[in-house]
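# Breakdown of the fold
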Amino acid sequence: MPTELPYAADAEVSLSYDELDVLRLQHEKELAQAHVTIQTKFNYAWGLVKSPMREHQVEGVRLLQEIYRAEPTRRRECLYYLALGHYKMGNFEEAKRFNALLLEKEPTNLQAQSLGQLIDKGVAREGYIGMALVGGAAALGTILLATLVRRARR
């Protein structure tokens, strides 16, 4: 089943400030009129999730969660962008959870498979950083202990 959604690598490209501003202004206009369409909300959330700024990503994920809960027909699209948003924020477990839900529904979705690979790399990178920190702390502890032992022998 082909998907019209972008591959995960393409989703790393941010919108320009002007493009995101167009989406923001449309969203604000509809908010002022007390009726925001699901499409406007989704478009704005999509633009925010693609942003390199964490506060934009957080707001985008919040809007997508609102859409996911309120609009069952948009859940498929929301799952991917929720996974992507959490991935970009470094919330790898949440990203995995949303991506797994999408893959349950569409096991051959290349976009979700691609994002799954990015998430797995992020988890591995986080693990390597953790191991490096523990190793560095252990080395520092060993040096301090050796220094104390030398001083005690004097």
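Relevant structure appears above.
Below you will find a few notes about this structure. Bear in mind that the values here come from a model prediction, so they are computed numbers and not experimental data.

Conventions adopted
- Residues numbered from 1 in each chain as written.
- Predicted model: local features only at pLDDT ≥ 70, side-chain atom pairs only at ≥ 80, totals over all residues.
- Heavy atoms only, no water.
- Phe/Tyr/Trp six-rings, centres within 6.5 Å; stacked < 30°, edge-to-face > 60°.
- Buried < 20%, exposed > 50% of the residue type's maximum accessible area, 1.4 Å probe, protein only.
- Axes fitted to C-alpha atoms, helices over the stretch in contact; angles between N-to-C directions.
- Helix = DSSP H or I, 4+ residues; strand = E, 2+ residues; numbered from the N terminus.
- Left-handed = near helix turned anticlockwise from the far one by under 90°.
- Contact = heavy atoms within 4.5 Å.
- Nonpolar A, V, L, I, M, F, W, Y, C, P; charged D, E, K, R; others polar.

Another point: the packing of aromatic side chains. Applying the stated criterion across every chain yields a total of 3 aromatic pairs. Ring centres of Tyr-80 and Tyr-81 lie 4.9 Å apart, and the angle between their planes is 85 degrees; on these two criteria the pair is classed as edge-to-face. On the numbers, 6.0 Å between centres and 50 degrees between planes, the contact of Tyr-87 with Phe-92 is tilted. The buried category is assigned to Tyr-87, whose relative accessible area is 13%. These aromatic residues form a ring-pair network of at least three members: Phe-42, Tyr-80 and Tyr-81.

Between helix H1 (residues 17-32) and helix H2 (residues 38-50), the shortest axis-to-axis distance is 9 Å and the interhelical angle comes to 145 degrees. Once H1 is placed against H2, the crossing between them reads as left-handed. Across from Leu-20, Leu-23, Arg-24, Gln-26, His-27 and Glu-30 in H1, the residues of H2 making contact are Thr-40, Lys-41, Asn-43, Tyr-44, Trp-46, Gly-47 and Leu-48. When its residues are assigned to classes, the contact of H1 with H2 shows 5 nonpolar, 5 polar and 3 charged.

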